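Summary of the model geometry
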Amino acid sequence: MFEKVNSKVVKVDIGAAGGVVARTGAMLFYTGDVSFAPHEIPGGAGAGGGGGLVRMAGRMMAGEHQRTMLAQGPGVVHYGFSGLEVHVVQVQPGAVMQVEASRLLAYTAGLQTSVVSVMSSGGGGGGGGGLMGALRGAASGALTGQGMFTTQLSGHGAAVVLAHGGFLELQVGGPNPVVVDPQAFIGSYGNVQTELKTAVSWRDAVGRGAGEAMQLQCAGQGLVYVQASEEKL
């Protein structure tokens, strides 16, 4: 499927992959008879609470939504974005990959995708439900770089994620959780539960204007991907 050309570029045979979805602006060049069309990730099913209003608030404040394009047809496309480093993840049946939307470069079109609420899975830092809970979660996301919504992929295929400064792959499954700086978090693979922890209230944290008061706790079984930088993409 995806093949790394170098640390910042991947190429893929679109026909063999059965189509590829990539963020808008990621296509560098291609050969063959490839067509491109706008594509939208199904999402919001797990947002709960205030429905579309909550989803809109979260996306506007946390910046989780990315425009994507679907590539189809016989040909080879090269992808990259903003000189960032790329990492290929092979997604196997039964496993789930969750990744920040801003860090997802491309994935094979056969994967099942959705946009899910971090808060509904217990990862919103105790913000509660409803519109106010969504706004609190979005404020925490703006502070830490950990958005309120995340893209979930499952099935069989491959995905390419982006990082600034290099990748680290951390094993989750020991007696203690893996704790990550939310600004360095890229995504997770397997059966990994994430929860945003803070020692202060969200109002105090916003007043401090720094992300060190918040940590992302990862437990379960699988892998967590982090970048060797706290720079938000």
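The following refers to the structure shown. (Residues numbered from 1 in each chain as written. Predicted model: local features only at pLDDT ≥ 70, side-chain atom pairs only at ≥ 80, totals over all residues. Heavy atoms only, no water.)

**Observations regarding the sheet that holds strand β2 (residues 9-13)**
Which entries qualify depends on this criterion: A strand pair is defined by DSSP finding two or more bridges across the two strands. Starting at the N terminus, helices and strands are each numbered in turn, a helix being any DSSP run of H or I of at least four residues and a strand any DSSP run of E of at least two. Geometry is summarised by axes, namely lines fitted to C-alpha atoms with helices restricted to the contacting stretch, and by angles between N-to-C directions that run from 0 to 180 degrees.
Taken in spatial order, the four strands line up as β1-β2-β7-β4 in an open sheet, and their pairing is antiparallel. The open sheet has two edge strands with one neighbour each: β1 (2-6) and β4 (27-32). Strand-to-strand, the axes of this sheet are offset by a mean angle of 20°, without reference to chain direction. Both β2 and strand β7 (residues 75-79) contribute to a ladder of four bridges, which runs antiparallel. Bridge pairing links aspartate 13 to valine 76 in β7.

**Description of the sheet that holds strand β5 (residues 35-39)**
Taking strand neighbours across the sheet as the criterion, the six strands line up as β5-β6-β3-β10-β13-β8 in an open arrangement whose pairing is antiparallel. Unpaired on one side and paired on the other, β5 and β8 (85-91) mark the two borders of the sheet. Neighbouring strand axes in the sheet, compared pairwise and without regard to direction, differ in orientation by 20° on average. Bridge analysis of strand β3 (residues 20-23) against strand β6 (residues 68-72) gives four bridges, and the strand direction is antiparallel. Following the sheet pairing, valine 20 is matched in β6 by alanine 71.

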